[in-house]
Amino acid sequence: MGQFVRATAAEDIPEGTMKTFELKHTRFVIAHTAEGFFAVADECSHDGGPIGEGNVLGNEVRCPRHGARFDLKTGAVTAPPAVAPIDSYRVKVENGELFVWLD
Ligand code: FES
């Protein structure tokens, strides 16, 4: 059964950046955009690239390996060469702390 798991303090991820975490056997990144905090898998669906080492571009993230882009809200592909989405996770902010919903 899933639950919200504390990841870090919100102030640890300035707007326009992201940070990688591994909790409950799940590796993911939390990105901070002008619209809030979003979490997606740290593994690119194209060839396993480390998403957390890429760039946050608006509400998208770019894989550092071959440049595929994903929507941070949904994990959907927004630019090739990836064709499959990556997992996305619910995030909530409570008392300045970030929590991510993990199974
Ligand atoms: S591994 Fe991410 S674009 Fe190729």
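Residues numbered from 1 in each chain as written. Predicted model: local features only at pLDDT ≥ 70, side-chain atom pairs only at ≥ 80, totals over all residues. Heavy atoms only, no water.

### Details of the pattern of salt bridges
Right, on to step 1. Overall, the coordinates contain seven salt bridges when judged by the stated rule.
Right, on to step 2. Across the salt bridge formed by E22 and R27, the nearest N and O atoms sit 3.6 Å from each other.
Right, on to step 3. The shortest N-O distance in the salt bridge between R65 and D47 comes to 4.0 Å. Within this pair, whereas R65 is found in the loop between β6 (60-62) and β7 (69-71), its partner D47 is found in the loop between β4 (36-41) and β5 (55-57), the two being separated by 18 residues in sequence.
Right, on to step 4. Through salt bridges with shared partners, one network takes in E22, R27 and D42. (Salt bridge = Lys/Arg side-chain N within 4 Å of Asp/Glu carboxyl O. Helix = DSSP H or I, 4+ residues; strand = E, 2+ residues; numbered from the N terminus.)

### Some thoughts on the nonpolar core
Right, on to step 1. In this structure, F28, I30, I51, F70, L72, Y89 and V100 are the most contacted members of the largest nonpolar core, which totals 29 residues.
Right, on to step 2. Of all elements in the fold, only β1 (3-9), β2 (18-23), β3 (26-33), β4 and β11 (97-102) reach the threshold of two or more residues within this core.
Right, on to step 3. Top contributing element to this core by residue count: β4, with five residues.
Right, on to step 4. Among residues more than four places away in sequence, those in contact with I30 are A7, I13, T17, M18, K19, F21, F37, F38, A39, L98 and V100. (Core = buried A, V, L, I, M, F, W, Y, C linked by side-chain atoms within 4.5 Å. Buried < 20%, exposed > 50% of the residue type's maximum accessible area, 1.4 Å probe, protein only. Contact = heavy atoms within 4.5 Å.)

### Some thoughts on the UniProt feature "domain: Rieske" (unreviewed entry) in the chain
Right, on to step 1. The UniProt record annotates "domain: Rieske" (unreviewed entry) at residues 5-100.
Right, on to step 2. End C-alpha atoms of residues 5-100 are separated by 5 Å, and the span's content is 0% helix alongside 49% strand. (UniProt positions renumbered as here; feature names shortened; annotations may be inferred.)

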